[in-house]
Amino acid sequence: MALRSTRAGVRQTEVETRVVAARESRHFMRNSRPIPSSPWPTTPPSLRRASPKRRAAAGNAEDLAKDNYGDGVPAAGKLDGERVCLRDVGEAHVGKTVRLRAWIQNSRMQGAKMAFVELREERNWAIQGVVAASQEGKPVSRQMVKWIGGLNLESYVLVEGKIQKPLEPVKSVRVSDYELHITKCYVIAAGPEVLGMGLAVANKPVTNFDDEEAGQDVPVEEARKGVEAVTLDNLPSASMATHLSNPAMHKRAPVQQAIADVRVATRKLFAEYLDSKGFNQFEPPCLIGAASEGGSNVFAMPYFDKSAYLAQSPQFYKQIEIAGGRKRVYCIGPVFRAENSNTPRHMTEFTGLDLEMEIEESYHEVLEMLEGVLLFIFRGLVERCSDQIALIRTVYPSEEFLLPEPGKEVRLTFAEGQALLRAEGPEAFRNVSDDEDMSTPQEKALGALIRKKYGTDFYVLDKFPEGARPFYAIEDPENTKVTNAFDFFMRGQEILSGGQRIHDAKVLEARIRKKGIDPASPGIKEYVDVFRSVGVPPHGGGGIGLDRVVALYLNLPSVHLTSYYPRTPKRLLP
């Protein structure tokens, strides 16, 4: 039934009066259990004065709206309204009948003749639905109101109704300037009586990232024990183990969908920039025949009559592409590290954004390309994901990510960074060495100094010590103690390693021996043979951890929040 403006002096109908009264108590909403009925009398005065016999007859009246609600998809032709998405609802829809598929996000009864439901599509697009019994019992009956008001949360429904303007904005939903007056409702898929984790909890900040051994296999009853903290608004928060033991509700949370949106945008911006610079995308294998890079942190598995390994990096394959005649290449794909690191910064599987390119004059061409793509990503996220970033900050507050002004990018040598730590850093770092790699605490301390001194959260350290770089990194011809290699940092944490590679087979073999690796060992020999087989131009590149970039840009407490399905030493499910 349409709402008519009181300003026009038109008398409201009986249903409209009930809508106005109900709005005054909208705060009385349930979270995950049915809400008690209103404490004040709701029986019409005529029936309150009537005899018990008449009241009983009224309660047992025929349901004239029985075809307008129920379980299952209705027969074709039962719904006539225009199919709409909530993000598109506007003034042009006011007064029109529409169809909507959504989840029941919240609901409450308002007496026996009215109910309010919040209907949510993806992300946080939700609208308030109003269902009120008609005086004649059709298209909406009291039985229909009661049925809709009692639907389980997170049930998936198909509804038809008329878009109307509320008397005041509905603050609890994103589509606040409109509401849906429901005339038909069908349950396509019912939610459970009790949710393992409610949406309000799922959309709260994760308070504990200790992913217990039992977390991947615990039953729902045990998983609920992970709801262990209460926030300032008295709503509980859940541990990461509880979130991952309830993956569907974890993913339905608007904050998680917003993080996923930022992640996808980051990946697209990376490819978009490199495509515009003449790069060619390729797909390296995940299964390899030997432990690459001479490391032990690889996952081994049976492979028919031999062993196979999950790739630690696409490094060798990027270089083979360059050797194969490509001047600029990039790839996006999974990277696997068998490191028993149970921290918010590490995962055993993550997504790598990698590029490799021919060098014409200086390896700083590579540095500038990587710097350019990351600045393009950061500025693009502000333009494309401002709504998602704002939503995320309501759950995980953070300061704005500071970028340098164009032409004033911060690039320090490794030695200059260490000197800054010695001069202005905490007492513990007054004696740091120029010949040893930085620890994580050193990186964070330097990041704080650079933010204060240069006003940026993004910077580069160049000329890393020879001992801190892999065998394929080329030494600086003017100072063999350092390499033509660099790291990029966000908020004081490393997100990229890169530099110039050795392209001469003899030099490469000598450096491999210097690192204590046998150049004839499986995997290494085949790599060196590529440079023996053809002349390979000077080249360089870098690898970016997508998950870590997103986590640090948003200043999230854990990289696990940015992964679709985080893999850690203690978790392989879901």
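Refer to the structure above for everything that follows.
Residues numbered from 1 in each chain as written. Predicted model: local features only at pLDDT ≥ 70, side-chain atom pairs only at ≥ 80, totals over all residues. Heavy atoms only, no water.

Trainee: Where do I start with the nonpolar core in this structure?
Mentor: Soluble, globular proteins show a tendency: their nonpolar side chains are buried together. Counting residues in hydrophobic clusters, the biggest one holds 98 residues, and the most contacted among them are L119, L374 and F488. Looking at which domains feed residues into this core, each of domain 1 (69-189) and domain 2 (257-561) gives three or more. Among residues more than four places away in sequence, those in contact with L119 are L86, L100, A102, W103, I104, W125, A126, I127, V157, V159, L180 and I182. (Core = buried A, V, L, I, M, F, W, Y, C linked by side-chain atoms within 4.5 Å. Buried < 20%, exposed > 50% of the residue type's maximum accessible area, 1.4 Å probe, protein only. Domains from an automatic or database assignment. Contact = heavy atoms within 4.5 Å.)

Trainee: What is the right way to look at the packing of aromatic side chains in this model?
Mentor: The way to describe two aromatic rings as a pair is by their centre distance and the angle between their planes. In total, this model carries 19 aromatic pairs according to the counting rule given. Judged by centre distance (4.1 Å) and plane angle (20°), the ring pair of F316 and Y527 falls under stacked. Note that F316 is positioned in helix α10 (residues 315-323) and Y527 in helix α16 (residues 524-533), a separation of 211 residues in sequence. Like Y527, F316 is buried. Centre to centre, the rings of Y527 and F531 are 5.3 Å apart; their planes meet at 80°, and the pair counts as edge-to-face. Of this pair, Y527 and F531 both sit in helix α16, 4 residues apart, which is roughly one turn of the helix. The exposure class of F531 is buried, given its relative accessible area of 6%. Through successive ring pairs, a cluster of aromatic residues spans Y363, F378, F401, F458, F486, F488 and Y553. The aromatic ring of Y178 is capped on one face by K165, whose charged end is 4.9 Å from the ring centroid. Across the ring face of Y565, the terminal group of K251 is positioned such that the distance to the ring centre comes to 4.3 Å. (Phe/Tyr/Trp six-rings, centres within 6.5 Å; stacked < 30°, edge-to-face > 60°. Helix = DSSP H or I, 4+ residues; strand = E, 2+ residues; numbered from the N terminus. Lys NZ or Arg CZ within 6 Å of the ring centre and 35° of its normal.)

Trainee: I would appreciate a short explanation of the packing of helix α13 (residues 414-424) against helix α14 (residues 440-454) in the present structure.
Mentor: Each pair of packed helices can be described by the angle between their axes along with the distance between the axes. Look at α13 against α14: their axes get within 10 Å of each other, and the N-to-C directions meet at 85°. In terms of their interaxial angle, α13 and α14 are classed as roughly perpendicular. Touching G417, Q418, L420, L421 and E424 of α13 are Q442, A445, L446, L449, I450 and K453, all from α14. Class assignment of the residues belonging to the contact of α13 with α14 gives a composition of 6 nonpolar, 3 polar and 2 charged. (Axes fitted to C-alpha atoms, helices over the stretch in contact; angles between N-to-C directions. Parallel < 35°, antiparallel > 145°, perpendicular 65-115°, else oblique. Nonpolar A, V, L, I, M, F, W, Y, C, P; charged D, E, K, R; others polar.)

Trainee: Honestly, a nonpolar patch on the surface in this entry has me stumped. Any pointers?
Mentor: Together, V264, Y564 and Y565 line one region of the surface with nonpolar side chains, adding up to about 280 Å² of accessible area. Structurally, the position occupied by V264 is in helix α9 (residues 254-276). (Patch = residues over 30% accessible without salt bridge, like charges linked within 9 Å, V, L, I, M, F, W, Y side chains within 5 Å. Areas by Shrake-Rupley, 256 points an atom, 1.4 Å probe, with all protein chains shown as cover. Salt bridge = Lys/Arg side-chain N within 4 Å of Asp/Glu carboxyl O.)

Trainee: Would you explain empty space enclosed by the protein in this entry?
Mentor: Once rolled over the atoms, a probe with the size of a water molecule shows which space is left empty. Applying the stated criterion to the full structure yields 1 cavity of 30 Å³ or more. Empty space within the largest cavity amounts to approximately 40 Å³. If you go around the largest cavity, the residues you meet are L244, P247, H250, Y564, Y565, P566, R567, R571, L573 and P574. Class assignment of the residues belonging to the lining of the largest cavity gives a composition of 7 nonpolar, 1 polar and 2 charged. (1 Å grid on protein atoms, 1.4 Å probe; cavity = no way out; pocket = protein on both sides within 12 Å on 5 of 7 lines; lining within 4 Å. Points joined across faces, edges and corners; volume = space filled by probe spheres on them.)

Trainee: What is the right way to look at unusual backbone geometry in this model?
Mentor: Keep in mind that most residues, glycine aside, have a negative phi and that most peptide bonds are trans. Here K138 and P139 are connected by a cis peptide whose omega angle stands at 15°. Here the amide bond leading from L573 into P574 is cis, since omega sits at 0°, within 30 degrees of zero. Mapped onto the secondary structure, P574 falls in the segment after α17 (546-553). Although it is not a glycine, E154 sits at a positive phi angle of roughly 65°. Turning to its location among the elements, E154 is positioned in the loop between α4 (142-149) and β6 (156-164). Judged by its relative accessible area of 6%, E154 falls in the buried class.

Trainee: How should I be thinking about the sheet that holds strand β17 (residues 458-462) in this particular structure?
Mentor: Here 8 strands make up an open sheet; going across it, the order is β10-β14-β15-β22-β21-β20-β17-β16 and the pairing mixed. Two strands bound the open sheet, and with one partner strand each, they are β10 (280-281) and β16 (411-413). Strand direction decides the pairing type here: β17 and strand β20 (residues 485-490), joined by 5 bridges, are antiparallel. Counterpart to V460 in the pairing with β20 is F488. Those strands touched by α14 are β16, β17, β20 and β21 (493-500), and its axis lies near 120° from that of β17. (Pairing = 2+ DSSP bridges.)

Trainee: Hey, could you run me through the sheet that holds strand β12 (residues 300-303) in this one?
Mentor: Strand-to-strand pairing in sheets goes through backbone hydrogen bonds, with the strands running parallel or antiparallel. The strand order across the open sheet formed by 3 strands is β11-β13-β12, and the pairing between neighbours is antiparallel. Each having just a single partner strand, β11 (287-288) and β12 make up the two edges of the open sheet. In the sheet, β11 pairs with strand β13 (residues 306-310) via 2 bridges, with the strands oriented antiparallel. Note on β13: the bridge partner recorded for I288 is Y309.

No statement about biological role is implied by the geometric values presented.
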